[in-house]
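# Architecture at a glance
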Amino acid sequence: MHILHLDNNHPLLIKQLNDLGHTNHEDYTSSREEVISKIEQYDGIVIRSRFKIDATFMDAAINLKFIARVGAGLESIDIEYADQKGIALFSAPEGNRNAVGEHSLGMLLSLFNKLNSANTQVKNGQWLREANRGIEVDGKTVGIIGYGNMGRAFARKLRGFNVEVICYDIKKNVENSDATQVEIEELFEKTDILSLHTPWTPLTDKMINSNFINQFKKPFWLLNTARGKSVVTEDLVKALKSGKILGAGLDVLEYEKLSFESLFSDENQMPEALKELLQLDNVLLTPHVAGWTIESKEKLAQTIVHKIKTAFC
């Protein structure tokens, strides 16, 4: 097959596809329109999040047999239309689930022990021991929304912390030895730490809003390593200021672009809620890198190769 690579990935991906007899072309700079003009030449495309693959794109791709996204989700692809066209879709949540689990745990421990702010203070000549008295994870209840690859990986990392792990998922019977599946009402009642591990869908869009937040019986901590658009930033800021949310570790933000590569491309148009969020001491932010490790880069690529090989070789 002729395969077009639209994003740069681990070199093993192209090497192994070459070894399987496929012809690989790389184009990391052409515009979407330029790619559409030549896409009929290709049987497959490999992409991360450079641009949206919609009906217009797929109509031009008259020979396309598959779309492979080197990442966990497929929200940048019109899944229903691809299915209508008989185009196979591959993603690789198995490739970065461990990285996401570790990042989520790291954010939690940093928030509870005030590591980020304490580091800044010491480097600025401040030795504030009482102000940086931490909280122990031991004895807390961790509620996970979305118990797929990422949610399970985080639950697995919590072994040994003497916590109760509960999970809520729209699918039934997803629990395993690391978490107990509960109804949403029990999640609201028991959760001390809420961690999101859901894809973006119409159901999860703006899911964490004031109405949702206020249903929790106790103040809680929020972790989001999933999708930024699942959390309404304005409502999050209000909850952080009121103490309903005690702190937040956010690897993703509502205002990210599709490519995830830029948040501050137009600082003059920065929403007021984001400005406020950036000033809060009980918020820890990272630039959508929870699944972005040296190891996951290789695992993601290897997973995609395996799925293409299984389907077409």
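Residues numbered from 1 in each chain as written. Predicted model: local features only at pLDDT ≥ 70, side-chain atom pairs only at ≥ 80, totals over all residues. Heavy atoms only, no water.

## Regarding the overall build of the protein
The helix and strand tally for the protein stands at twelve helices and twelve strands. Dimensions along the principal axes, computed over C-alpha positions, put the protein at roughly 65 × 45 × 35 Å. A burial count over the protein gives 49% of its 313 residues as buried. Excluding contacts between residues fewer than 6 apart, the proportion of contacts in the protein whose partners are at least 24 apart in sequence is 60%. Within the structure as shown, the protein displays about 15700 Å² of accessible surface, and the carbon and sulfur contribution to it stands at 49%. The positive charge centre, built from 36 side chains, and the negative charge centre, built from 42, are 4 Å apart in the protein. (Helix = DSSP H or I, 4+ residues; strand = E, 2+ residues; numbered from the N terminus. Buried < 20%, exposed > 50% of the residue type's maximum accessible area, 1.4 Å probe, protein only. Contact = heavy atoms within 4.5 Å. Areas by Shrake-Rupley, 256 points an atom, 1.4 Å probe, with all protein chains shown as cover. Lys, Arg positive; Asp, Glu negative; His and termini not counted. Charge placed at Lys NZ, Arg CZ, Asp CG, Glu CD.)

## Details of the pairing of strand β9 (residues 193-196)
Both faces of β9 are covered, namely the face carrying Ile 193 and Ser 195 and the face carrying Leu 194 and Leu 196. In this structure, strand β6 (residues 141-145) lies alongside β9, joined through four bridges in parallel fashion. When the sheet's bridge partners are listed, Ile 145 is paired in β9 with Leu 196. As paired elements, β9 and strand β10 (residues 220-224) share four bridges and run parallel to each other. Looking across to β10, one finds that Ile 193 is bridged to Trp 221. (Pairing = 2+ DSSP bridges.)

## Looking at the sheet that holds strand β5 (residues 88-90)
An order of β2-β1-β3-β4-β5 is seen for the five strands of this open sheet, with the pairing classed as parallel. Of all strands in the sheet, those with a lone pairing partner are β2 (23-26) and β5, marking the two edges. Pairwise comparison of adjacent strand axes, ignoring direction, gives a mean angle of 20° for this sheet. Relative to β2, strand β1 (residues 2-5) runs parallel, the two sharing four bridges. Bridged to His 5 within β2 is Glu 26. (Axes fitted to C-alpha atoms, helices over the stretch in contact; angles between N-to-C directions.)

## Side note on the packing of aromatic side chains
Geometry of an aromatic ring pair is reported as the spacing of the ring centres plus the angle between the planes. All told, the structure shown has nine aromatic pairs when counted by the stated rule. Between Phe 66 and Phe 312, the ring centres sit 5.6 Å apart and the planes meet at 40°, which makes this aromatic pair tilted. Of this pair, Phe 66 sits in strand β4 (residues 66-69) while Phe 312 sits in helix α12 (residues 294-312); the two residues are 246 residues apart in sequence, bridging distant segments of the chain. Since its relative accessible area comes to 0%, Phe 66 is described here as buried. Among the aromatic residues, ring-to-ring pairing joins Phe 188, Phe 212, Phe 216 and Phe 220 into one connected group. (Phe/Tyr/Trp six-rings, centres within 6.5 Å; stacked < 30°, edge-to-face > 60°.)

## Here's the deal with the packing of helix α1 (residues 11-19) against α12
Packing of α1 against α12 brings their axes to within 8 Å, and their N-to-C directions diverge by 25°. With respect to α12, the axis of α1 lies roughly parallel. Where α1 crosses over α12, the two elements pack in a sense that is right-handed. For the pair α1 and α12, the contacting residues are Leu 12, Leu 13, Gln 16 and Leu 17 in the first and Glu 298, Ala 301, Gln 302, Ile 304, Val 305 and Ile 308 in the second. Classifying every residue of the contact of α1 with α12 by side-chain character gives seven nonpolar, two polar and one charged. (Parallel < 35°, antiparallel > 145°, perpendicular 65-115°, else oblique. Left-handed = near helix turned anticlockwise from the far one by under 90°. Nonpolar A, V, L, I, M, F, W, Y, C, P; charged D, E, K, R; others polar.)

## Observations concerning the sheet that holds strand β12 (residues 283-285)
Read from one edge of the open sheet, seven strands run β8-β7-β6-β9-β10-β11-β12, paired in parallel fashion. Each edge of the sheet is formed by a strand with only one pairing partner; in this case those strands are β8 (180-181) and β12. Contacts from helix α7 (residues 149-157) reach β6, β7 (164-168), β9 and β10 within the one sheet, and its direction differs from that of β6 by about 165°.

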